[in-house]
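# Survey of secondary and tertiary structure
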Protein chains: 2
Amino acid sequence: MVVIGAGFAGLAAMADLARLGWDAWLVERQPYTTFQPLLYQVATGGLNLEDVAFPIRSLLRRMGRGRFVQGVAASVDWDLRQVTLEGGQTLSYDHLLLATGAAPKFFGVPSAAELGLPLHTLVDAARLRTRLVAVLERAAADHTQHRVHLVVVGGGPTGVETAGALAELRDLLAGRDYPELGRDDISIELLEAAPRLLPSFHPELSRYARRELERRSVVVLTGSAVRQVQEGAVLLDSGLRPTDLLVWSAGVEVADSPLLRGLARTASGRLDVTPSLQLPGHPEAFALGDCAGARAGTAELPQLAQPAIQAGRHAVRQLRRIRSGQEPLPFRYRDRGTMATIGRRAAVAQLRGGLRLTGTAAWLAWLGLHLVELLGVRNRASVLLNWTWHYLAWRQAAGLIPPAPGPG
Amino acid sequence: MVVIGAGFAGLAAMADLARLGWDAWLVERQPYTTFQPLLYQVATGGLNLEDVAFPIRSLLRRMGRGRFVQGVAASVDWDLRQVTLEGGQTLSYDHLLLATGAAPKFFGVPSAAELGLPLHTLVDAARLRTRLVAVLERAAADHTQHRVHLVVVGGGPTGVETAGALAELRDLLAGRDYPELGRDDISIELLEAAPRLLPSFHPELSRYARRELERRSVVVLTGSAVRQVQEGAVLLDSGLRPTDLLVWSAGVEVADSPLLRGLARTASGRLDVTPSLQLPGHPEAFALGDCAGARAGTAELPQLAQPAIQAGRHAVRQLRRIRSGQEPLPFRYRDRGTMATIGRRAAVAQLRGGLRLTGTAAWLAWLGLHLVELLGVRNRASVLLNWTWHYLAWRQAAGLIPPAPGPG
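Residues numbered from 1 in each chain as written. Chains lettered and ligands numbered in written order. Predicted model: local features only at pLDDT ≥ 70, side-chain atom pairs only at ≥ 80, totals over all residues.

## Topic: the overall build of chain A
The number of helices and strands found in chain A is ten helices and 25 strands. What you see for chain A is a C-alpha radius of gyration of 22 Å, in line with the 22 Å of a compact globule of 408 residues. Expressed as a percentage of contacts within chain A between residues at least 6 apart in sequence, the contacts between residues at least 24 apart total 63%. (Helix = DSSP H or I, 4+ residues; strand = E, 2+ residues; numbered from the N terminus. Rg over C-alpha atoms; globule rule 2.2 N^0.38 Å. Contact = placed C-beta atoms within 7 Å.)

This is the structure:
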């Protein structure tokens, strides 16, 4: 058994495989896994790098089974049932779980990939934090031009959360750690191409999010697609807007990889899968999480943690059926709801059965869910410590130490 | 007033200047300060990056006074009393405190600067941790050659502490997170040119340190100067020894900087200072900490936190005397003792009045002192959390997540 990718889907599968006592190899480029939903907190100084990352080997040790190989899977020989890693190492499998994830999507916008800062990996979050400090220091040192333009592209959950966190950070730093900068010297803009923020949420929640962001002096521009990115500016249909920091959270797509060559794709570029999440023509292989085009009804599932975790667990259940001679069952996604937080005691939650929450209730739900889902006990304690400090003591927890920019 | 350098000396001076209500500019290359004595813990995964670093602006805000300028001081115009930063910004001063610190010393050993990994900055610690993980992963993946050689050069406190921490880490990882590697597959060697470890400590403590390290399967080679560093090996008089990771903790020296051009130096290259720590011929300027050749009797003071802190406080007291028309007094270093830890409940401490401690007592003294001296309340809580985990739960706290190698 080989599992490629140690995100939510891959790790959920490894955990269930360990429970069955089955051996499996887990292949991942980095020796750690990342809790992606909280990367925006790392980027804005509310959490430390180590709060949202965890060594894969420690996780496997706790699971009690499973072996790790650090590496990049480069190709699959479907006839030999063998994965080859960059560098030449090969792993044979009887069953293969592909959970290679996604990458930031730039929609072909000129220079967006070069100048925009995504929030997809731990390195992205570290880079964003470092740039943010550099931008603030430059403005503080420049006696002629203080104004700083922080621009977030994409009004989905990540963009909303990032803009909200930047607004909180501005209020914590302006006039305090940065006596040179007033609150009005730091402008925060959130750009969304669609007519409203959080397009996947109920319009009532979109309106709430916009109102709460605007209360925090975030300029929200909906119906504002970015046509081009330039050094220090973005071009909208309405003209150029200056940027000192450009966060690119406009969406994700399946990363181009030689590993996926020759496999059928859906219209959105995700791997085509059967209702049971197997690859068409390769019943020994499953595709899970962000890289796979699993559906609920006619729509593809959102590329979020919950569908990935459920897919990982589903795949192991079906492997068990297959090994005992039964037919695999179709995947049934159980929507436990989606949430996004705007700031302290302000969030939106869209739960099962059409239940919608806003404000403190949604925020507490968000907080509880993320604490429970965070991988690892120690991380949970550390995050709790940071957040207690952050939210109760009303000051910045982690400060804004730029992560060490060592060359690896 | 301008203070250059935000290490122990510069920050101690800023704190006392703030207490007097005097304005001062603090210049530092990074926006954070680093608690250097614990960098070896960051490198070996016992602490997180953010546990030993703190944003300078937050520190100044707590002090209630003092302004920060991120930058590198490039030159001093002694007649105009003006510091010029790289980039051209100038700062005028009435009094100048130079606390620019030191840098790793490579003793002219060929390739040591290129291939050795020092432990002097946060970036160094991050790089060392990343390399350590890479070395272990490579060994785990290689079925033909498992043996890993971790070599520490320099048997002073940093080298002893690093070797001890590596030994603890090996025992935590071998056969557990790394089932591929046995305890004997990871060799740790400590090389010291002098005839004994910890040459600045009492010989009894040197013997204890050696015994404790050897109990932890660290190979201690004294009288073993490194003659040359090569890719994958170091050359000693006794021949070549293989290295997969080479920690260079052989000592520090004053970094070559255009800022110090034209200033008199001592035989060891440190800035020559009067007994009151002023620069000869520049009574308006003090030199403090690692960059300065302050003496106790005829010997230069060790380049450690305590002399630096005391020098910073001394300088502010003398500035106060000078401003009230009094003569500055000579600096009197009050030796509060030095310590080094080898591992859990094993340390050496050499205290005032010739008192020497080893074992649990010394370890608890070390732990208490470092917790008390750590900058910032939150850091203290976080370090305590990590250490509680580390030492009481007998497992690795921070794990070994390589710090994000972002390009800044």
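## Brief notes about the domain arrangement of chain A
For an interface, size is often stated in terms of accessible area lost upon the parts coming together. Along its sequence, chain A is organised into domain 1 (2-29 + 71-102 + 254-323) and domain 2 (112-252 + 337-392). Using only C-alpha atoms to locate each centre, domain 1 of chain A and domain 2 of chain A end up separated by 31 Å. (Domains from an automatic or database assignment.)

## Details of the environment of Arg211(B)
Residues and elements named next belong to chain B. Residue position: Arg211 is located in helix H7 (residues 203-215). Judged by the 14 C-beta atoms lying within 10 Å of it, Arg211 is partly exposed. Considering only alpha carbons, one finds Arg211 and Ala361, 150 residues apart in sequence, at a separation of 17 Å. (Buried ≥ 20, exposed ≤ 12 C-beta atoms within 10 Å, placed from the backbone.)

## Here we look at the sheet that holds strand E6 (residues 73-77) of chain B
Residues and elements named next belong to chain B. Strand order in the open sheet made by the three strands is E6-E7-E8, with antiparallel pairing throughout. Taken across any chain shown, the strands that pair with only one partner, and hence form the sheet edges, are E6 and strand E8 (90-92). Strand-to-strand, the axes of this sheet are offset by a mean angle of 20°, without reference to chain direction. Bridge analysis of strand E7 (residues 82-85) against E8 gives three bridges, and the strand direction is antiparallel. Bridge pairing in E8 links Val83 to Leu91. (Pairing = 2+ DSSP bridges. Axes fitted to C-alpha atoms, helices over the stretch in contact; angles between N-to-C directions.)

## Considering helix H8 (residues 305-323) of chain B
Residues and elements named next belong to chain B. When the terminal C-alpha atoms of H8 are compared, their 27 Å separation across 19 residues agrees well with the 27 Å that a helix rising 1.5 Å per residue should span. For H8, the complete set of buried residues consists of Ala305, Pro307, Ala308, Ile309, Gln310, Ala311, Gly312, His314, Ala315, Val316, Gln318 and Leu319. In the core, the buried residues of H8 are packed alongside helix H1 (8-20), strand E9 (96-98) and strand E21 (282-287). Directly beyond the C-terminal end of H8, a positive phi value near 80° is found at Gly325. (Expected span 1.5 Å × (residues − 1).)

## Description of the sheet that holds strand E26 (residues 356-358) of chain B
Residue and element names in this part refer to chain B. The strand order across the open sheet formed by three strands is E24-E25-E26, and the pairing between neighbours is antiparallel. Among the strands making up the open sheet, the edge pair consists of strand E24 (338-343) and E26. Taking the axes of each pair of neighbouring strands and ignoring which way they run, one obtains an average angle of 5° across the sheet. Across five bridges, E24 lies against strand E25 (residues 346-350) in antiparallel orientation. Across the sheet, Ala340 pairs through a bridge with Val348, a residue of E25. Packing of H7 onto the sheet brings it into contact with E24, E25 and E26, and relative to E25 it is tilted by some 170°.

## Side note on the packing of helix H1 (residues 8-20) of chain A against helix H3 (residues 56-63) of chain A
Residues and elements named next belong to chain A. Between H1 and H3, the shortest axis-to-axis distance is 9 Å and the interhelical angle comes to 30°. When the axis of H1 is compared with that of H3, the two are roughly parallel. For the pair H1 and H3, the crossing hand works out as right-handed. Where H1 approaches H3, its residues Leu11, Met14, Ala15 and Ala18 are matched on the opposing element by Leu59, Leu60 and Met63. (Parallel < 35°, antiparallel > 145°, perpendicular 65-115°, else oblique. Left-handed = near helix turned anticlockwise from the far one by under 90°.)

## Some words on the nonpolar core
Buried together is how nonpolar side chains tend to be arranged in soluble globular proteins. Counting residues in hydrophobic clusters, the biggest one holds 236 residues, and the most contacted among them are Leu288(A), Val348(A), Leu98(B), Leu288(B) and Val348(B). In contact with Leu98(B), other than residues within four places in its own chain, are Ile4(B), Leu271(B), Ala285(B), Phe286(B), Ala287(B), Leu288(B) and Cys291(B). (Core = buried A, V, L, I, M, F, W, Y, C linked by C-beta atoms within 7 Å.)

## What to know about the pairing of strand E14 (residues 226-230) of chain A
Residues and elements named next belong to chain A. By the bridge criterion, four bridges tie E14 to strand E15 (residues 233-236) in an arrangement that is antiparallel. Residue pairing in the sheet places Val229 in a bridge with Val234 of E15. Linking E14 to E15, which pair antiparallel, is a turn of two residues; within it Gly232 sits at a positive phi near 85°.

## Examining the packing of H1(A) against helix H8 (residues 305-323) of chain A
The axes of two packed helices give the description: the angle between them and the distance between them. Residue and element names in this part refer to chain A. Direction vectors running N to C along H1 and H8 enclose 35°, while the axes themselves pass 7 Å from each other. When you trace H1 past H8, the crossing you get is right-handed. Of the residues in H8, those touching H1 at Phe8, Ala9, Gly10, Ala12, Ala13, Asp16, Leu17 and Leu20 are Ala305, Ala308, Ile309, Ala311, Gly312, Arg313, Ala315, Val316 and Arg320. The residue makeup of the contact of H1 with H8, split by class, is twelve nonpolar, two polar and three charged. (Nonpolar A, V, L, I, M, F, W, Y, C, P; charged D, E, K, R; others polar.)

## Points about H7(B)
Residue and element names in this part refer to chain B. Here H7 spans 18 Å end to end across 13 residues, near enough to the 18 Å set by a 1.5 Å rise per residue. Listed in full, the buried residues belonging to H7 are Leu205, Ser206, Tyr208, Ala209, Arg210, Glu212 and Leu213. Where H7 is buried, its residues touch helix H6 (157-173), strand E13 (186-191), strand E14 (218-221), E24, E25 and E26.

## A look at the pairing of E15(A)
Residue and element names in this part refer to chain A. Relative to strand E16 (residues 239-242), E15 is paired through four bridges, and the arrangement is antiparallel. Each bridged residue has a counterpart across the sheet, and for Leu235 the counterpart in E16 is Leu240. In this antiparallel pair of consecutive strands, E15 and E16, the connection spans two residues.

## A short note on unusual backbone geometry
Residues and elements named next belong to chain B. A positive phi angle, near 70°, is found at Ser111, a position not held by glycine. Within the secondary structure layout, Ser111 lies in the loop between strand E10 (103-104) and helix H4 (112-115). Of note in this structure, Leu198 is not a glycine but carries a positive phi near 45°. Topologically, Leu198 is positioned in the loop between E13 and H7. Taking the C-beta count within 10 Å as the criterion, Leu198 has 24 such neighbours and is therefore assigned buried.

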